[in-house]
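# Examination of the molecular architecture
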Amino acid sequence: MKPLVTFKYFLFTLQITCILILSLGCSNKKIPTVSQSIQTINKDVLKVGLTSITEKYIKKIELNLLTFWAINGLASIDPDIIAELDKNGLTLYFNGEKIKSWQIEPNARPNSFEMVTDAVNIALEYSEEIRAADTEEIYEAIFTNVLPHLDKFSRYAGAKEAAKLRSKREGSVGIGIEFKIDKNFMVITRIEPNSPAQESNLQIGNKISHINGILIEGLTYNEIANQLSGPIMTDVTFEILRDLPVEPLIVQVTRSRITPISVMEKHQDGILYFKILNFNHNTANSLSVKMSSAINSLPSLKKGIIIDLRGNPGGLLKQSVKVADIFLNSGEIVSTSGRHPESFNKYSATAGDFISDLPVIVLINGQSASAAEILAAALQDHNRAVIVGSSSFGKGTVQTVVRLPNEGELILTWSEFISPSGYQIDGQGVLPLICTNGADLDKISLIKSIIRGKDKINNAFKFWRAANENETEKMDLKTVCPPNKNSSNYDIEVAEQLLKTPKHYKNTLSIISP
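Attention here is on the structure that accompanies the text. It should be emphasised that the depicted structure is a prediction, and the values quoted were computed from it without experimental measurement.

Thresholds applied
Residues numbered from 1 in each chain as written. Predicted model: local features only at pLDDT ≥ 70, side-chain atom pairs only at ≥ 80, totals over all residues. Heavy atoms only, no water. Helix = DSSP H or I, 4+ residues; strand = E, 2+ residues; numbered from the N terminus. Buried < 20%, exposed > 50% of the residue type's maximum accessible area, 1.4 Å probe, protein only. Salt bridge = Lys/Arg side-chain N within 4 Å of Asp/Glu carboxyl O. Polar contact = N/O pair within 3.5 Å; in protein donor to acceptor, adjacent residues only side chain to side chain. Contact = heavy atoms within 4.5 Å. Disulfide = S-S within 2.5 Å. Phe/Tyr/Trp six-rings, centres within 6.5 Å; stacked < 30°, edge-to-face > 60°. Lys NZ or Arg CZ within 6 Å of the ring centre and 35° of its normal. Pairing = 2+ DSSP bridges. Axes fitted to C-alpha atoms, helices over the stretch in contact; angles between N-to-C directions. Expected span 1.5 Å × (residues − 1).

Bringing unusual backbone geometry into the picture now. With phi around 60°, Asn194 is a residue other than glycine that occupies positive phi space. Note that Asn194 resides in the loop between strand 7 (185-191) and helix 8 (196-199). The class of Asn194 is exposed, set by a relative accessible area of 62%. In this structure, Met233 is a non-glycine residue whose phi angle is positive, near 70°. Summarising the element assignment, Met233 is placed in the loop between helix 9 (221-228) and strand 10 (235-240).

Throughout the structure, instances matching the rule amount to 12 salt bridges. Between Asp118 and Lys100 there is a salt bridge, with the nearest N and O atoms lying 3.9 Å from each other. Residue Asp118 is located in helix 4 (residues 112-126), and its partner Lys100 is located in strand 3 (residues 97-103); the two are separated by 18 residues in the primary sequence. With a shortest N-O distance of 2.9 Å, Arg465 and Asp381 are connected by a salt bridge. Of this pair, Arg465 sits in helix 14 (residues 454-466) while Asp381 sits in helix 12 (residues 371-381), and the two are 84 residues apart along the sequence. Judged by its relative accessible area of 13%, Arg465 falls in the buried class. Look at the salt bridges and you will find they share partners, linking Arg166, Arg403, Glu407 and Glu409 into a network.

Attention shifts here to the side chain of Ser320. Residue placement: Ser320 occurs in helix 11 (residues 317-327). At 2.7 Å, the side chain of Ser320 and the backbone oxygen of Leu317 are in polar contact. Residues contacting Ser320, with those up to four places away along its chain left out, are Phe279, Ala371, Ile374 and Leu375.

A few words on the state of the cysteines. The full count for this structure, using the stated rule, is 1 disulfide. Here Cys435 pairs with Cys481 through a disulfide, and the sulfurs are 2.1 Å apart. Between Cys435 and Cys481 the sulfur-sulfur dihedral comes to about 85°; the bridge is accordingly right-handed. Of the two residues, Cys435 is situated in strand 22 (residues 434-435) and Cys481 in the loop between helix 15 (471-478) and helix 16 (489-500); the sequence distance between them amounts to 46 residues. By relative accessible area, Cys481 is classed as buried at 1%.

According to the stated counting rule, one finds 3 aromatic pairs in the structure shown. Note on Phe94 and Tyr126: the rings are 5.6 Å apart at their centroids and 55° apart in plane angle, and the pair reads as tilted. Taken together, the residues Phe94 in strand 2 (residues 89-94) and Tyr126 in helix 4 connect sequence positions 32 residues apart. Lying across the ring of Phe153, Lys395 places its NZ or CZ 4.8 Å from the centre.

Sheet architecture is open: 6 strands sit in the order 13-14-15-18-19-22, paired in mixed fashion. The open sheet terminates on both sides in strands that have one partner only, identified here as strand 13 (263-268) and strand 22. Judged from the 6 bridges that link them, strand 13 and strand 14 (residues 271-276) form a sheet pairing that is antiparallel. In the sheet register, Lys266 faces strand 14, and the bridge partner there is Tyr273. On top of the sheet, helix 10 (residues 283-297) reaches strand 13, strand 14 and strand 15 (304-308); it is set at about 165° to strand 14, its chief contact.

On to helix 2 (residues 43-56), then. Counted at 1.5 Å a residue, the expected span for helix 2 with its 14 residues is 20 Å, and the 19 Å between its end C-alpha atoms agrees. All of the buried residues along helix 2 are Val45, Leu46, Gly49, Leu50, Ser52, Ile53 and Thr54. Among the structural elements, helix 3 (63-72), helix 4, helix 6 (135-146), strand 20 (397-403) and strand 21 (409-418) are those in contact with the buried residues of helix 2. Structurally, the start of helix 2 carries an N-cap: the backbone nitrogen of Asp44 is 2.9 Å from a side-chain oxygen of Asn42.

Put into structure tokens, the structure is as follows:
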């Protein structure tokens with residue numbers, strides 16, 4: 001009998017063991033382990049970023065909400081990491097189990113960045129996905145979950161993207177070429193206008209065998225690009241192949257700061273036309289130089305100037321102020337206000353409008369935004385230009401750029417700008433005096449109808465400038481002349497007709513009461 005009992009005991013033990021094995025095998029719960037390769041989080045990145053949001057953002061943000069949004073960003077890397085916020089504080093869960101809680105007293109100001117750093121370190125211990133992520137992914141997860149809660153213009157740029165944004169704003173150091181690799185040669189495909197490359201003997205199509213004495217064959221695209229990069233006022237040396245028996249040509253080009261072209265021009269029939277693509281560090285100077293040159297070289301230029309801001313997304317606020325100053329002798333150009341003391345500014349024109357005797361037309365559409373709207377509103381409010389087109393985009397906020405210790409950037413909305421006549425451009429935009437959107441009249445008939453309806457138009461502008469912060473009211477006002485994203489030749493034809501008929505220009509300009 002004893003062997004039978006032993007056998008039954010063995011079967012019972014085997015069943016229990018199998019149940020335990022199956023239970024463990026079927027469970028998808030992760031067992032927390034501390035990895036030896038836990039990423040080192042730079043607390044200063046979180047400190048600078050989160051502190052900047054609390055201090056500089058245009059609206060006050062509750063710190064418990066900010067902390068909650070930041071920690072919940074980790075869920076984009078590992079959905080098992082979840083934070084919950086209630087009246088007692090903040091709780092962190094992993095796989096449904098509470099792993100940390102923070103009590104937040106009523107009316108307290110929690111140290112947001114320390115709590116977020118604490119949460120990240122705890123998540124690193126529990127989550128394989130968090131441990132596998134690099135630090136940049138963690139910063140991005142945190143900030144990109146916070147900023148959409150603020151507004152659509154505040155955002156985070158990692159180190160690589162931030163470098164590109166800085167280059168676009170400030171210009172880059174280089175020689176101004178684009179290239180491709182073809183059969184072990186570097187081939188120039190584009191040369192930037194007004195760049196060191198354009199001023200040298202380099203030409204599109206040049207086949208380069210050596211750069212800085214290094215053979216091109218075997219180099220990657222990035223390795224060649226690295227050879228092009230370097231400090232300002234240093235040289236890049238190229239060896240350019242030529243047909244035998246001619247020896248290769250050696251060309252030396254000095255690196256300098258290159259700012260993308262933002263102003264294009266043409267002139268005909270006594271009218272000077274400028275297309276401003278955006279507002280970068282060189283826009284005002286470029287426009288001033290081109291305008292002075294054209295006026296001095298074209299004594300017959302008497303009819304006027306067209307400034308085309310259609311499709312211009314904006315750019316640097318101070319550049320739009322400098323451009324407005326070219327056309328104005330005095331008066332306020334724009335004011336800004338926010339929550340941070342440094343966000344309150346008032347910009348005014350200075351004496352020296354060297355084109356005061358020339359009529360000005362400004363073209364705008366539904367994609368003219370931000371700095372472009374500052375310029376259009378300032379010239380309109382001072383009766384210095386007739387605005388033609390459709391209502392503009394209505395981005396009336398100013399973003400400040402916070403550089404982070406990881407070389408990334410936070411782009412934060414920190415103020416809004418107000419036109420000289422006192423209305424907020426944000427959400428409303430600039431109303432053109434001559435609305436071409438939906439117009440079915442020929443250009444002369446349209447201009448005459450505007451002049452005939454001057455009282456009605458003047459009243460419309462009074463309502464426009466008196467609009468409050470009610471978003472519904474602003475949207476209703478924009479139906480007067482709905483934004484149009486397209487750029488039509490009709491806009492230019494109307495502008496040219498106005499400039500060719502000084503009487504019509506004068507009568508149109510006088511419609512709006514300052």
